[in-house]
Amino acid sequence: GALVYQYPRRTICKSGTSMRMECQAVGFQATSVAWYRQSPQKTFELIALSTVNSAIKYEQNFTQEKFPISHPNLSFSSMTVLNAYLEDRGLYLCGAIGQGWDSDYTFGSGTRLLVI
Amino acid sequence: GDSVTQTEGQVALSEEDFLTIHCNYSASGYPALFWYVQYPGEGPQFLFRASRDKEKGSSRGFEATYNKETTSFHLQKASVQESDSAVYYCALGDYGGSGNKLIFGTGTLLSVKP
């Protein structure tokens, strides 16, 4: 079946430092990868959508300068949170979708970021 | 822009009760509609989808029917179990030239007492 692994599961970083998280798709080819942040209130914010052979599209309030994303192949993506501050804390989720009109997003378990 | 509204933030039921979680959407096009479920410590899991008007999606006893007229996709289950306790998210798929974008509602926490 289609699985998505994210690592690390949990990380703590000091305010002003950076943290990189990774996303691995297993069992399918991830033509699109979406990065979300889930707030403590459980709402989802879409950070950016990366589709192979297309430019990465960032949502309003999120920038490449703050959240650079790499999607080098159909099984891997990474995102870095640069200069993390308290407001960046949350659960960062990676969702990947394959080819085909009937494909659906599969999500990893997330990387929980704590900033101290 | 496109959006999804879930009116119930929390629903508390007893086992074997009937469940309804309301979902309404707003979209300029003809989106696919989804239900996802999230258990503690995990990412959201795909439950089912519907892609056209009057289509019913279903899985694990849960079901919802795409209603273009009322712009709704309400989740129902005839008899809930304690193991159904989780957060349920309605979502809208804006798939097309701009990429495969999935927009979530705010979620509904379902608590089922034994």
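Everything numeric here is computed off the predicted structure, so don't read it as measured data. (Residues numbered from 1 in each chain as written. Chains lettered and ligands numbered in written order. Predicted model: local features only at pLDDT ≥ 70, side-chain atom pairs only at ≥ 80, totals over all residues. Heavy atoms only, no water.)

1. Considering the pattern of salt bridges
This is how it is decided: The salt bridge definition used is simple: a Lys or Arg side-chain nitrogen within 4 Å of an Asp or Glu carboxyl oxygen. Helix and strand labels come from DSSP, where a helix needs a run of H or I of at least four residues and a strand needs a run of E of at least two; each type is numbered from the N terminus. Throughout, exposure labels follow a simple rule: accessible area from a 1.4 Å probe, protein chains only, divided by the maximum for the residue type, with under 20% read as buried, over 50% as exposed, and the rest as partly exposed.
Across all of its chains, the model carries ten salt bridges over all chains by this definition. A salt bridge links R37(A) to D88(A), with the shortest nitrogen-to-oxygen separation between them at 3.6 Å. Of this pair, R37(A) sits in strand β4 (residues 32–38) while D88(A) sits in the loop between β8 (76–81) and β9 (90–97), placing them 51 residues apart in sequence. Accessibility classification places R37(A) together with D88(A) in one group, the buried group. Close ionic contact of K54(B) with D53(B) constitutes a salt bridge, the shortest N to O distance being 3.1 Å. Residue K54(B) is classed as exposed on the basis of its relative accessible area, which comes to 65%.

2. Overview of unusual backbone geometry
Here the residue pair Y7(A) and P8(A) is connected by a cis peptide bond, since its omega of 0° sits within 30 degrees of zero. Mapping P8(A) onto the fold places it in the loop between β1 (3–7) and β2 (10–13). For N53(A), which is not a glycine, the phi torsion comes out positive at approximately 70°. Of note, N53(A) is situated in the loop between β5 (44–51) and β6 (57–58). Since its relative accessible area comes to 81%, N53(A) is described here as exposed. If you check the backbone angles, R60(B) has positive phi at about 50° while not being a glycine.

3. As for the pairing of strand β1 (residues 3–6) of chain B
All names here are of chain B. Quick reminder of the rule: Pairing between strands requires that DSSP locate at least two bridges from one strand to the other.
A one-sided burial pattern is seen for β1, the buried positions being V4 and Q6 and the unburied ones S3 and T5. Both β1 and strand β4 (residues 23–26) contribute to a ladder of four bridges, which runs antiparallel. Bridge pairing in β4 places T5 opposite N24.

4. Section: a nonpolar patch on the surface
Residues and elements named next belong to chain A. Applicable threshold: Distance thresholds for patches are 9 Å for like charges and 5 Å for nonpolar side chains (Val, Leu, Ile, Met, Phe, Trp, Tyr), applied to residues having over 30% relative accessible area and no salt bridge. Areas reported as accessible are Shrake-Rupley estimates using a 1.4 Å probe. Residue values count occlusion only from the protein chains shown.
Together, L3, Y5, Y7 and V26 make up an exposed nonpolar region whose accessible area comes to about 340 Å². Take the nonpolar patch: its biggest share by element is three residues, from β1. For Y5, the location among the structural elements is in strand β1.

5. Brief notes about the nonpolar core
So the rule is basically this: We define a nonpolar core as any set of buried Ala, Val, Leu, Ile, Met, Phe, Trp, Tyr and Cys residues linked to one another through side-chain atoms lying within 4.5 Å. Whether two residues touch is decided by their heavy atoms; if any such pair falls within 4.5 Å, the residues are in contact.
Core analysis: the biggest nonpolar cluster contains 26 residues, and L19(B), W35(B), L47(B), F48(B), F73(B), L75(B) and Y88(B) have the highest contact counts within it. The greatest single-element share of this core, amounting to four residues, is contributed by strand β10 (residues 86–96) of chain B. Among all residues touching Y88(B), those that are not within four sequence positions of it are Q6(B), I21(B), W35(B), Y36(B), V37(B), L47(B), F62(B), L75(B), G107(B), T108(B) and L110(B). Ranked by size, the runner-up nonpolar core spans 23 residues in total, among them C13(A), M21(A), A25(A) and W35(A).

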